[in-house]
Every structure is written in C-alpha cells, then in structure tokens.
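Residue-level listing of the chains:
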Amino acid sequence: MRLLVNKIFLALSVFSAFIGLAFLAWILITLFIKGLGSFHFGLFLNDLIDGGLRNLIIGQFILAGIASAIGIPLGMAAGIYIQEYGQGKYASIIRDLSDIMMSAPSIVIGAFVYAVVVVPTGGTSGFAGAIALAIMMIPVVINTTDNMLSLVPRELREAGIALGASKYKVITDIVIKAAKVGIMTGVLLAFARIIGETAPLLFTSETSNYFSLDLTESFPSLTVSIYDLANEPEESSRDLAWAASFILTVLVLVINLTGRFITRNKD
Amino acid sequence: MEKIFQKLSLSSASLVFVILLGIFITLFIAAKPAIDEFGFNFIINPDWNKEVQVENSSIDSTSTSIQENDTLEDDEMIADEDDMMLEDEDDMMMEDEDDIATKTIYGGLVPIVGTLLTTIIALIFALPIAMGIAVFLAEIAPKNISNIVGIAIELLAAIPSIIFGMWGLYYFAPIIADLFGGYQVSLLTAGLVLGVMILPFMAAITRDSMNTTPSVLKESAYALGATKFEVIKDIIFPYSKVGIIGSIILALGRALGETMAVAFLIGSIFVLPQKITDPTISIPVAMANNFGEASGLGESALFYLALILFVISFAIISVAKFYFLKRAK
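Residues numbered from 1 in each chain as written. Chains lettered and ligands numbered in written order. Predicted model: local features only at pLDDT ≥ 70, side-chain atom pairs only at ≥ 80, totals over all residues. Heavy atoms only, no water.

*Asks:* Outline the overall build of chain A, supporting the account with residue identities and numerical values.
*Replies:* For chain A, the helix and strand inventory stands at 10 helices and zero strands. N-terminal to C-terminal, the α/β element order of chain A is α-α-α-α-α-α-α-α-α-α. Per-residue burial over chain A gives 54% buried out of 267 residues. Partitioning the intrachain contacts of chain A with sequence separation of at least 6 by distance along the chain shows that 75% fall at a separation of at least 24. Taken as a whole, chain A presents about 11,400 Å² of accessible surface, with 67% of it coming from carbon and sulfur. When the 17 positive and 19 negative side-chain charges of chain A are each reduced to one mean point, those points stand 16 Å apart. (Helix = DSSP H or I, 4+ residues; strand = E, 2+ residues; numbered from the N terminus. Buried < 20%, exposed > 50% of the residue type's maximum accessible area, 1.4 Å probe, protein only. Contact = heavy atoms within 4.5 Å. Areas by Shrake-Rupley, 256 points an atom, 1.4 Å probe, with all protein chains shown as cover. Lys, Arg positive; Asp, Glu negative; His and termini not counted. Charge placed at Lys NZ, Arg CZ, Asp CG, Glu CD.)

Listed below in structure tokens is the structure:
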C-alpha cells in the first residue's frame, strides 16, 4: 500500500512536469506555425502603415534602450549602496521596498507615469514610456547587483583597502569587476523582461503607425501594437499580430538564453 | 570623488523610496475626487459609468453629502434587477428625453470581484501542478534532466504576457469553452490562462525552498525505510512549508496585477458574473481599456481602482516577504 501511494504520487509529479512542458511547447508551436506563416522579410523593411513592423521593432528597442540607460546606472548605484555603504536599518528597508516595487502591478506604474509625466506634458510620449519601463527595471537591477556583490569575498575588499585604495576605488576596480558576469546576466534578464512589457506603455508611449525618433510624441511600440492588431476584426491585422508576437518571443527568449549561457560558461 | 560616489549611490537607493511613496501619493491625489464622491461605498457598488437622476436639481457633486449618495445607490440596486442588458441604452434615452439633472456614478465592485475570482481560479489551477513540478525538479528528476526542465519552466515564465493572452484567446479558450460550455471569454478561461502564467513562477520558488531541506534529514528518513512520498510529505514539506506559502502568496500578488493576458480573455464588461463561465472585468483590464477615453470623474474612479489594487498587492507582497520568506531563511 505504501509503495502504491508512493508510485501514484511520483507519477502525478512527473505528470505535472509534463503539463508544464506541454504548455510551453503548445505556446511555442502555435507561435511558430501562426507566426512563421505570416512572416516575411518585408516586415523588417516597411513600417506599420505599409503593413510592416520596422518602426515598431526599432521603437520598442529605443524605449527599452532608454529605459536601460536610466534604470541600469540608478539600479546599480542603489545596489552598491545597499551592499557596500549601507549599514543598519536604512539599507535593509530600501532592499525590502525594492522587492515590493519589483512585484508592483505594471499597469499601476503606467497609471503613475501617466499622472506625473503624460498629464503635465500634455500628451503621450516616448519619453514617458521609457520612464515607465525604467521604473520597472530599477528594482530588478538593484536585486541582481545586491545579490552578486554579496557573493564577492570580503578578503578581496580587505586586500584592496590594505593596499591603500579608497573605498570608491575598491568598489569600482575590485568588487564590480569580480561581480561583472553575474550583474551582466541580471541586467540582460531585466532587459528581456521590459522589452516584452505592454501594460506600462499602454497610456504612456501608446504606439504609432509611422517611423519616429521623436521622443516627445506618441512612440511606436511593438507590444502595444500587437494588442491593437490582435483586437481588430480583419484577418490580415491578426496575422500581422502573430508575426509580431513570433518576433517578440524569439527576441525575448534569445536574450534570456544568452543571459543564462553567460553564467553557465563562467561556472 | 569618494564623497560624490557615496552620495550618488545613497540618492539612487533613496529613489526607490521616493518612487514608491510617489506612486502612492499620486494615485491618492488623482483618486481624490472619486474618493470624496463615492467614499467606501465605491467598493460595494456594482454600477460603472451609469447616469442616475439627482433628486434635487443641484448637481454640485462636491457638495453632495454621503447620505444622499447612499440612497441613490439603493435606488440603483433595485432598478438594476429589472434590466441589466439594456442599461446603457436606457441611460442614453433618459438623457435625451428629459432635462432632469443627472450625474454619472462609478462603483468598483465588478472589477474588484473579477480580479479576486480570476486570481482564485488561477491559484486553484496552478497550485497542484506547480507543487508537482517543484517536487519533480527538486527530488525526482536526475540532475541533468532537472536542469533542462528547470530552464524550460523558466522560459515559460519569460514569455511576454501579451503572448499568453493571444494564445489563450485563439487556442486555449475554445477548448475550455467546449469542455465547460459558456463563453470563450470568461472568468474561467481568464483564470486558467493566468494560472498557466503564474505556474512557472510558483514552481521555481517552491523548488528553491524545497532545496533548502538539509540532506541529512532526508537521508535519515530514507535510512528508516521511508518511501519518497513519505520523505516529501513528512520531512521536506514541513521543513519548507513557510517558504512554500510565501511563494504562493507572491504568485497571488503577481496574478492580481496581471493585465495583458487577462485583457484578452475576461470579456471586459462591467457586469457581475452569475456563473464561472460568464464574462466580466478585472481592475487592471478596466484600467487598460478605459483609461484612454476616461476624463474627469471617470478617470478619477480608475485611479481609485488603481489605488485599491496597489494597496492590496503592497499588503500581500509585504506579508509574503516579511513574514513567510524571511522566516524561511
């Protein structure tokens, strides 16, 4: 009897792992079939207004790129503070708040940026979208930096200080260098996360059918356009949405796997 | 240089505090008109964007007392039972026909209920599967298989939520609707797709908690002749219980705020669901779909919903982080 219960339990557990994998396979296969079916290289050459995706892909990268340019330095600096300078309560409060911020609903962050950036500036803009994404990114970068710096052995820091280096020198030249690979992985994963975000962009950057580099206007976004296209009745719009989803997913998974591969190689 | 660097990192760290506080204050200010107008009755009022007659012709909304508000809402509930579907058209007619002073009222009950129900369905669906996966990864699979399956599960977590939404609407929902009847867009399909989304997240944290069980404990139990099931049930589970509960609550927090996957599947109508297969709406979806067109009191009511969502998820995540996951360490 005990052995039977054991067998049933193990079988159920293997079965649930199978379910998890089946969902992943189902989604990926769907994307491949539907996405590749409507995929052609012309998508990269035309803008949405001509039935292509060029402006959207470039726009999404620009939004995520600016968000990274804001979020990575701020997140790293905050992570360095928590791990290297912070003593006592304040640093641990910031660490906890950053964890909470990481799980804050993304649509709420969109609403916040709408109220503090979009309304005062009089309209949706690429800049507002990038700020919303940066807010999503900061806590993830803080978390990685904090974790990776904590893995750097104390002796390295002490050796640096013993050589007469200032604390700032020790951090930038020794500690950061030692934790570089880990932080890079975390940053890549954070980038993969924000490049697929839709909700914070809905009413901050919105999207645009045209190619644009003007950050003060509504800015083309791949994810927001997928949402719009998927809700349109025409079959052709939906096909385009599938092609865009396929490109987005491949992009996100490649960035994600690259991040993991970097860490793997280091070990 | 030293000083500047230290100041810079300190101010970046403080930025986290400033942003969180800023979100709370901003949402509160933006929601203030709706809070003043509807008070806490907002939470139990099922009507959204509904024109109602004001008894005395003063429509000065700010001076409307809360008591008057109450009676209005009671009238509403009664009128509601008569006809739900034609509500909107009726309102339009009323507005055209007579010049009796009207005002628009907003209540948050439908999206709040929708958010909670989809989250509960997602949890019920994801919990057993996530536990099974975690057990498989932590205890059953050989190391190399566990690694590969682990990465696959984490990739599932990396897929953008909008992809889950599209896949769910066009491929998953029709199957569910065939099995359970009802609409393709419903509480049930939205909850299930949400469940698939939080599954890898829950499984990963649970696996990590289970891995903290000292192997000495496990080996002693095996030495006494326990089966794998007994070791998991009596040794690993009690040991990592607190961490597992923490992971469930974190997944719950994530499910509450999920927008895009649910937006495709919940149907987006402000009607209380009678059955699990009925369409309804959730707080994030209400925001996603109505923010663009809303203005004035309607926009303020959306901010009120956002504030409620933010406070709920803040509370849930704090409990998970500070009570359960801290103790797990």
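*Asks:* Talk me through the domain arrangement of chain A; I want residue IDs and the actual numbers.
*Replies:* Residue and element names in this part refer to chain A. According to the domain assignment, chain A contains domain 1 (1-37) and domain 2 (42-266). The C-alpha-based centres of domain 1 and domain 2 are spaced at 31 Å. Contacts between domain 1 and domain 2 engage seven residues on the former and seven residues on the latter. Of the roughly 630 Å² buried between domain 1 and domain 2, counting both surfaces, carbon and sulfur atoms make up 83%. (Domains from an automatic or database assignment. Buried area = accessible area lost by both parts, 1.4 Å probe.)

*Asks:* Describe the environment of Gln184(B), listing the residues and the values that go with them.
*Replies:* Residues and elements named next belong to chain B. In this structure, Gln184 sits in the loop between helix 6 (161-180) and helix 7 (187-210). Take Gln184: its relative accessible area is 39%, and that puts it in the partly exposed class. When the C-alpha atoms of Gln184 and Ile283 are compared, they prove to be 20 Å apart, with 99 residues separating the residues in sequence.

*Asks:* Any details on helix 9 (residues 222-230) of chain A? Residues and values, ideally.
*Replies:* Summarising burial for helix 9 of chain A: eight of the nine residues are buried, a large majority. Among all positions of helix 9 of chain A, only Leu222(A), Thr223(A), Val224(A), Ser225(A), Ile226(A), Tyr227(A), Leu229(A) and Ala230(A) are buried.

*Asks:* Provide a residue-level description of the packing of aromatic side chains, including the pertinent values.
*Replies:* For the coordinates displayed, the defined rule picks out 32 aromatic pairs over all chains. Taking 4.2 Å as the distance between ring centres and 20° as the angle between the ring planes, the aromatic pair formed by Phe203(A) and Phe291(B) counts as stacked. Placement of the pair is Phe203(A) in the loop between helix 8 (180-195) and helix 9 and Phe291(B) in the loop between helix 11 (283-290) and helix 12 (296-328), with the two residues belonging to separate chains. Both rings, one in Tyr227(A) and one in Phe264(B), keep their centres 5.4 Å apart while their planes meet at 85°; by these two values the pair is edge-to-face. Remark: Phe264(B) occurs in helix 10 (residues 260-265) and Tyr227(A) occurs in helix 9; the pair is interchain, linking two chains. Under the relative-accessibility criterion, Tyr227(A) is labelled buried at 8%. (Phe/Tyr/Trp six-rings, centres within 6.5 Å; stacked < 30°, edge-to-face > 60°.)

*Asks:* Before we move on, can you summarise the packing of helix 4 (residues 106-121) of chain A against helix 1 (residues 2-38) of chain B with the specific residues and values?
*Replies:* For the pair helix 4 of chain A and helix 1 of chain B, interaxial distance at closest approach is 10 Å and the crossing angle is 75°. What the angle tells us is that helix 4 of chain A and helix 1 of chain B run roughly perpendicular. Every residue of helix 1 of chain B that contacts helix 4 of chain A at Val108(A), Ile109(A), Ala111(A), Phe112(A), Ala115(A) and Val116(A) is listed here: Ile19(B), Gly22(B), Ile23(B), Thr26(B) and Leu27(B). By residue class, the composition of the contact of helix 4 of chain A with helix 1 of chain B is nine nonpolar, two polar and no charged. (Axes fitted to C-alpha atoms, helices over the stretch in contact; angles between N-to-C directions. Parallel < 35°, antiparallel > 145°, perpendicular 65-115°, else oblique. Nonpolar A, V, L, I, M, F, W, Y, C, P; charged D, E, K, R; others polar.)

*Asks:* Please give an account of the pattern of salt bridges that cites residues and values.
*Replies:* Using the criterion set out here, one finds 14 salt bridges over all chains in the structure. Ionic pairing is found between Glu154(B) and Arg207(B), a salt bridge with its closest N-O pair at 3.2 Å. Of this pair, Glu154(B) sits in helix 5 (residues 143-158) while Arg207(B) sits in helix 7, placing them 53 residues apart in sequence. Note that Arg207(B) is salt-bridged to Asp208(B), the shortest N-O span being 3.4 Å. A residue is classified by how much of its surface remains accessible, and Arg207(B), at 15% relative accessible area, is buried. Under the relative-accessibility criterion, Asp208(B) is labelled partly exposed at 41%. In this structure, a network of salt bridges that share partners links the residues Arg260(A), Glu154(B), Arg207(B) and Asp208(B). (Salt bridge = Lys/Arg side-chain N within 4 Å of Asp/Glu carboxyl O.)

*Asks:* Could you give me a rundown of the confidence of the model for chain B, with the residues and numbers involved?
*Replies:* A low pLDDT score tells you not to read the predicted coordinates there in detail. Residues and elements named next belong to chain B. Of all residues in chain B, 84% attain a pLDDT of 70 or more, and the chain-wide mean is 83. Helix 2 (residues 66-82) is the least confidently modelled element of chain B, averaging 41 in pLDDT, while helix 4 (residues 109-140) averages 94, the highest of any element. Confidence over residues 57-97 falls short of pLDDT 50; this stretch has 37 contacts with residues more than four positions distant or in other chains. (pLDDT = per-residue confidence, 0-100.)

*Asks:* Explain a negative patch on the surface residue by residue, including any values.
*Replies:* A cluster of acidic side chains, namely Glu206(A), Asp228(A), Glu232(A) and Glu234(A), defines a negative patch on the protein surface. Tracing the sequence through the fold places Glu232(A) in the loop between helix 9 and helix 10 (235-266). (Patch = residues over 30% accessible without salt bridge, like charges linked within 9 Å, V, L, I, M, F, W, Y side chains within 5 Å.)

*Asks:* Describe the nonpolar core, naming the residues involved and giving the relevant values.
*Replies:* In terms of nonpolar packing, the biggest core is built from 191 residues, with Leu53(A), Ile107(A), Leu27(B), Phe42(B) and Phe164(B) touching the most fellow members. Beyond its immediate stretch of four places on either side in the chain, Leu53(A) contacts Leu43(A), Asn46(A), Asp47(A), Leu222(A), Leu240(A), Ala243(A), Ala244(A) and Ile247(A). (Core = buried A, V, L, I, M, F, W, Y, C linked by side-chain atoms within 4.5 Å.)

*Asks:* Give me the interface of chain B and chain A: which residues, what numbers.
*Replies:* In this complex, chain B contributes 74 residues to the contact, which on the side of chain A involves 76 residues. Of the roughly 6,900 Å² buried between chain B and chain A on both sides combined, carbon and sulfur atoms contribute 79%. Among the residues chain B hides against chain A, the three largest losses belong to Phe5(B), Met166(B) and Trp167(B). Together they make up 8% of the total. Across the contact surface, chain B and chain A share two salt bridges. Salt-bridge contacts for Arg2(A) lead to Glu230(B); the nearest nitrogen and oxygen are separated by 2.6 Å. Our count for the chain B to chain A interface comes out at 15 residue pairs in polar contact (both at pLDDT 80 or more). Elements with a minimum of two residues in the side of chain B that touches chain A: helix 1, helix 4, helix 5, helix 6, helix 9 (228-257), helix 10, helix 11 and helix 12 of chain B. The class makeup of the residues in the side of chain B that touches chain A is 53 nonpolar, 14 polar and seven charged. (Polar contact = N/O pair within 3.5 Å; in protein donor to acceptor, adjacent residues only side chain to side chain.)

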